[in-house]
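Commentary on secondary and tertiary structure
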Amino acid sequence: MVPLNAYLAVGAIMFSIGMFGVLNKKSGIIVLLSIELMLNAVNINLIAFSRFGFYGNITGQIFTIFTITVAAAETAVGLAILIAIFRNKGTISITDLNIMKR
Amino acid sequence: MLENAWLVPLFPLISFVLLVAFGRQLKEGAAYVGIVSLLSSFIVALGILFERLGHDAENYIQNFNWLTIGDKTLTVGFEITPLNALMLFVVTLVSLMVHIYSKGYMHGDERFPVFYTYLSLFTFSMLSLVISPNLLQAFIFWELVGAASFLLIGFYYFKPSARSAAKKAFIVTRIGDLGLLIGISLLFWQVGTFEYAGVFEAVEQGLVEPGFITLTAILIFIGAIGKSGQFPLHTWLPDAMEGPTPVSALIHAATMVAAGVYLVARTFPLFEASETAMYVVATVGGFTAIFAASIGLVQNDIKRVLAYSTVSQLGYMMLALGSAGFIAGVFHLFTHAFFKALLFLTAGSVIHAVHTQNIKEMGGLGKEMKITRAVFLIGALAISGFPGLAGFFSKDLILMSVYESGHVTLFWMALIAAVMTAFYMFRLYFLVFSGKPRHNANVHESPKNMTIPMIILSLLAIFAGYIEFFGFGEWITNNGVIAEEVEGPKWIMYLSIIAAFGGIALAWLMYGRDNKVKTGEPRGLHKLLFNKYYIDELYSTVVVRPYTIFGYVLKFFDKYVIGGLVQLSVWFSKAIGKIGSRLQNGQVQAYGLITIIGLVLLLVSLTAGRLLG
Amino acid sequence: MTGEYIAFFIFALMAISGAVLMLNLDRVIHMVLSIGLSFIGVAGLFVLLKAEFLAFVQILIYAGAITIMMALGTMMTSQHKEDKKLKRKGHTIFAILGATIIGLILLNGIRTTSWPNEAANLGEDNVIEIGMAMFTKHVIPFELASLLLLVALMGAIVLAKKESDK
C-alpha cells in the first residue's frame, strides 16, 4: 500500500511548481492554469487525508467537490477578465499590467 | 487703584494686538490707537502714583500660582512699591510723549503702523518688567524689552548700519543677560524663591553666605551693565542711535537703559548686603560716567553725543547706587528720564529740519526754530546741573552720596564728569543753534504734535527736581526701610554749581564766542577720544576676530564632516527609497513574490527556532 | 513492488512532469495541453485513493472543460508564445528560491510527521456515501455552491461581453 507520505509529497511538489508558475509566468492564461495546479495539489492532499487521515472520512471528498466547483467558477471569471483586458489593452501579458503603480 | 495695576501694561498689549491685526488698514491712524492706549495707561499710572503717595500706604502685591515643581512654586503677579509707581509714571509719561511726537516725526514713513506696533510691544514689556514681583518674571520681560529694542533699532533695516547696530545691541546685551540669568538661577538654587521679598528676607536673616551674595549681586549687576550700557558693554548704545530718533528718546534715554538701573535699585537690599558688590557698582558707574563723558566731548553726530551723555548719566546713577545713595540714584533716574527724552526729541526736531546728524553742518538754527532752541536750552541746562533745574538737585544729591560714602577718587571723577557734561551739552547748543548757518536746507519749526511733547517735557525738566522738598526721599525708601537719607556739606552744592558754570563757560569760549568750526584731522588725545578709545576696534580684534576664525573652522568642520554625514544618510535613505520604489512597480507578481518571500522568512525563522532550541 | 506502487509512480510522474512541462514549453497552447496531462495524472492518483467518483469529476471538469476553455481562451487572445523579451533576472531567481524553499519546508514537515497508517473505511460504494453526505449534512453549502456557479456564469458573461452595444 502506498503510504500517505508519498501522496503528500506529490501534492507539495505540485504546489511549489504551481506557485512558481503564478509568480513568474508572463501569460495571464498560464498564471490561471498555475492556480489550477495549486488547487489540484490541495485536492490531492484532501483526498489523501480523507482516506489515510487520523479520522479519515468522506468529508474530504465532499470538500474536494466544492474546491472543484470554486475552481471552475474562478476559471470562468478569470478567463472573462483576461478577454476583457485583451480587448482593452491588446495584451494579456501580466508584466504589462502595472496600473497599480499609479 | 493699586489692585488694578495690571491694567497699565494691558493697554499697550491691546494696542499691540490691534496693530498687528489691523495695522495695515489703519495706516497713519495707527498712531491714535497707540496714543489712546498709552493715555489710558498713563491715567491709571497717575492714579496709582497718587494713591501710593500717602506715606503710610502699604506695598501692594498680588501673586498667582503658575507652576508647581516638587515643593517649589513659581508665581506670577504684580507689585506696587513707591519705586514701581514712580517708574510706571515715568515710563508711561515719556512713552506717551514719544507716541505723540512720533506721529509728526514718522509722518510719511511707509512702515508707520509697524513702528507703532513695535512701540506698543516695547512699552508693554517695559511696564510689565517694572511691575514684576519676582526675578523670573522680570527676566522674561527683560528679554522681551531687548527683543523690542532690537526691532526698533533695526527699524530702518534697509540701512546696513542699522542692521548691524541692531545685531550688535542684541548680542552685546545678551552677554549681560547671561550674567543676569546665572545670577537669578544661583539665587533660586540658594534661596528657593524668585520673589524679591523672599530673597531680601533670606539675605537679611543671613541664610545666604556673604561670598554668595557678592557673587549673585555682581552677576545681576552684569545684566544691568549690558542693559544700561555701562563700561565695558557700552558699545551698543551709541550704535543704537541708528534707530529712529523717537526710539532713541524712548528706549535709549528714558526707559530701557534705565531698566538696568531700576534692576539694581530693585534688588538694592541684595547689593547693600555685600560691600564688595557695592564697590564694584560704584567703580564701574564712576568710571563709565567720566569715560563716556570724555568721548562725548568730541563727537560730531548730535545723537551720538547724546548717546554718550546717556551712558555717562547712567554711570552717575550706578555710582550713586553703589555709594549707598539709593535716593540719589532713583532721583536722578527720574529727572534724567525727562531731560534726556527732551534732548533727544529736540535733536529729532533738528534732524527733521536739516536732514543731517552732523553738528558741523548745522549752526544758526535758533532763528527759525525758536521753540526747539528754547526747550533744548532748558534740557541742556537741566543736564548740566544749572541751579534750579531738575538735574541740579539730583546731581547734587549724587555728589553728596558719593562724598559721604568716602570714595574720594570717585567723587572727583564725578565732579570732572559734571564739568564735561556741561561742556559737551553747550558745545552742542552753540554749534547747532547759534552762529551762522553752515547748511543750505530750508529750515522750518517742527509741527505742533512734535513741539507740544517737547514743551511738556521741558516743563518737567524744570520742575521735576522740586519733589525733593516734598519728602521724596522718605517716600521712595518706605520711610527709610530701604536706605537712609544722606546729608552732606553745603560746599558740595557750590562746587557742583561751579562745575556747571565752568563747563558752560569753556564751551562758550571755544565754540560760542567766535563760532568757528575746526576742520582737519583730529590729533593726539582728541583723536583717541574721537575714536572712542578704540574700544570697538579692541573688541573686534580680541573677541570678534578669533570668533570669526573659530567660526571658519567650525564651518569647515560642518561642511565636510557633519555635511558629509548628512550626505551619507541622504544617500542611504535615497538608496532605500530607490529599492522601495522599485518594489512598487505596480505588478501583481512582484507583490505576490514579496508576500511569498515574507512567508518563507517567517517559516524559516519559526522552524529554525524549533530546530535550534 | 506491487502493482499499486507502479501505478502510483506512473500517475505521480504524469502529474509532476505535466506541471514541469507547463513551465518550460514555449508555446502557450502546448503548455495548456501539458497541464491536461498533469490533470489526468491527478485523476489517476484519485483512483488509487479509492475516490473513483472524484477521479471521474476531475477528468470531466479539469482535463475536459477547463483545459479546453483555456485553449479557447488562448486562441481568442491570440497569444501564441510567451513573451521572452522582458528579462526579470532577480525576480525569477527570487521566485525559484521562494517556491523551492516553501516546497522543501512542506516536504520536511511531511517527512518528520508520523502519519497513521490504516486506511479509513469509506464504504463499498463511494458515490452513495458522497451523495448521502452531500444531500444531508452538507446541503446548505451545496446550494450555496450552485448559487456561486450562477453568479460566476453571469459575471463571466458581463465581463466578456463586447462593450460596443453600450
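Just so it is clear, the structure is predicted and the values come from calculations on it, not from any experiment.

We now examine the interface of chain A and chain C. With 71 residues of chain A at the interface, the matching set in chain C holds 78 residues. Together chain A and chain C conceal approximately 7100 Å² of surface at their shared face, both sides included; 76% is due to carbon and sulfur atoms. Across the contact surface, chain A and chain C share zero salt bridges. Taken together, chain A and chain C are joined by nine residue pairs in polar contact (both at pLDDT 80 or more). Those elements that place two or more of their residues in the side of chain A that touches chain C are helix H1 (4-24), helix H2 (28-52) and helix H3 (59-89) of chain A. Looking at the side of chain A that touches chain C residue by residue, the classes come out as 47 nonpolar, 19 polar and five charged.

All names here are of chain B. Relative orientation of the contacting elements helix H3 (residues 82-105) and helix H19 (residues 448-463) amounts to 155°, with a least axis distance of 7 Å. As summarised for this structure, H3 and H19 are arranged roughly antiparallel, according to the angle between their axes. The handedness of the crossing between H3 and H19 comes out as left-handed. Contacts between H3 and H19 involve Leu93, Met97, Ile100, Tyr101, Lys103, Gly104 and Tyr105 from the first element and Asn449, Met450, Pro453, Met454, Ile456, Leu457 and Leu460 from the second. Of the residues belonging to the contact of H3 with H19, the class tally is eleven nonpolar, two polar and one charged.

On to the confidence of the model for chain B, then. Of all residues in chain B, 94% have pLDDT values of 70 or greater, and the mean over the chain is 82. Across the whole predicted complex the pTM is 0.64, and at the interface the ipTM reaches 0.88.

Let us look at helix H1 (residues 7-26) of chain B. Residues and elements named next belong to chain B. With 20 residues, H1 should reach 28 Å at 1.5 Å per residue; the first-to-last C-alpha distance of 24 Å falls well below that figure. Helix geometry: H1 is bent most strongly at Val20, by close to 55°. Buried within H1 we find Val8, Pro9, Pro12, Ser15, Leu19 and Gly23. Of the surrounding secondary structure, the elements contacted by the buried residues of H1 are helix H2 (30-53), H3 and helix H4 (112-131). The positive-phi residue at the C-terminal boundary of H1 is Lys27, with phi of around 55°.

A separate point is the UniProt feature "transmembrane region" (unreviewed entry) in chain A. The feature "transmembrane region" (unreviewed entry), as annotated in UniProt, sits at residues 6-23, 30-50 and 62-86 of chain A in this numbering. The span residues 6-23 of chain A shows a helical share of 100% and a strand share of 0%, and its end C-alpha atoms are spaced 26 Å apart.

Take the interface of chain A and chain B next. Taken together, the contacts link 14 residues of chain A with ten residues of chain B. Contact between chain A and chain B buries roughly 880 Å² in total, counting both sides, with carbon and sulfur atoms accounting for 62%. By the criterion of area lost to chain B, the three top residues of chain A are Leu23, Met100 and Lys101 of chain A, representing 53% of everything that side buries. In this assembly, chain A and chain B are joined by zero salt bridges. Put simply, chain A and chain B have two residue pairs in polar contact (both at pLDDT 80 or more) between them. It is H1 of chain A that contributes the most residues to the side of chain A that touches chain B, five residues altogether. Tallied by class, residues from the side of chain A that touches chain B come to eight nonpolar, four polar and two charged.

Basis of the calculations
Residues numbered from 1 in each chain as written. Chains lettered and ligands numbered in written order. Predicted model: local features only at pLDDT ≥ 70, side-chain atom pairs only at ≥ 80, totals over all residues. Heavy atoms only, no water. Contact = heavy atoms within 4.5 Å. Buried area = accessible area lost by both parts, 1.4 Å probe. Salt bridge = Lys/Arg side-chain N within 4 Å of Asp/Glu carboxyl O. Polar contact = N/O pair within 3.5 Å; in protein donor to acceptor, adjacent residues only side chain to side chain. Helix = DSSP H or I, 4+ residues; strand = E, 2+ residues; numbered from the N terminus. Nonpolar A, V, L, I, M, F, W, Y, C, P; charged D, E, K, R; others polar. Axes fitted to C-alpha atoms, helices over the stretch in contact; angles between N-to-C directions. Parallel < 35°, antiparallel > 145°, perpendicular 65-115°, else oblique. Left-handed = near helix turned anticlockwise from the far one by under 90°. pLDDT = per-residue confidence, 0-100. Expected span 1.5 Å × (residues − 1). Bend = angle between axes of the 7 residues up to and from the residue. Buried < 20%, exposed > 50% of the residue type's maximum accessible area, 1.4 Å probe, protein only. UniProt positions renumbered as here; feature names shortened; annotations may be inferred.

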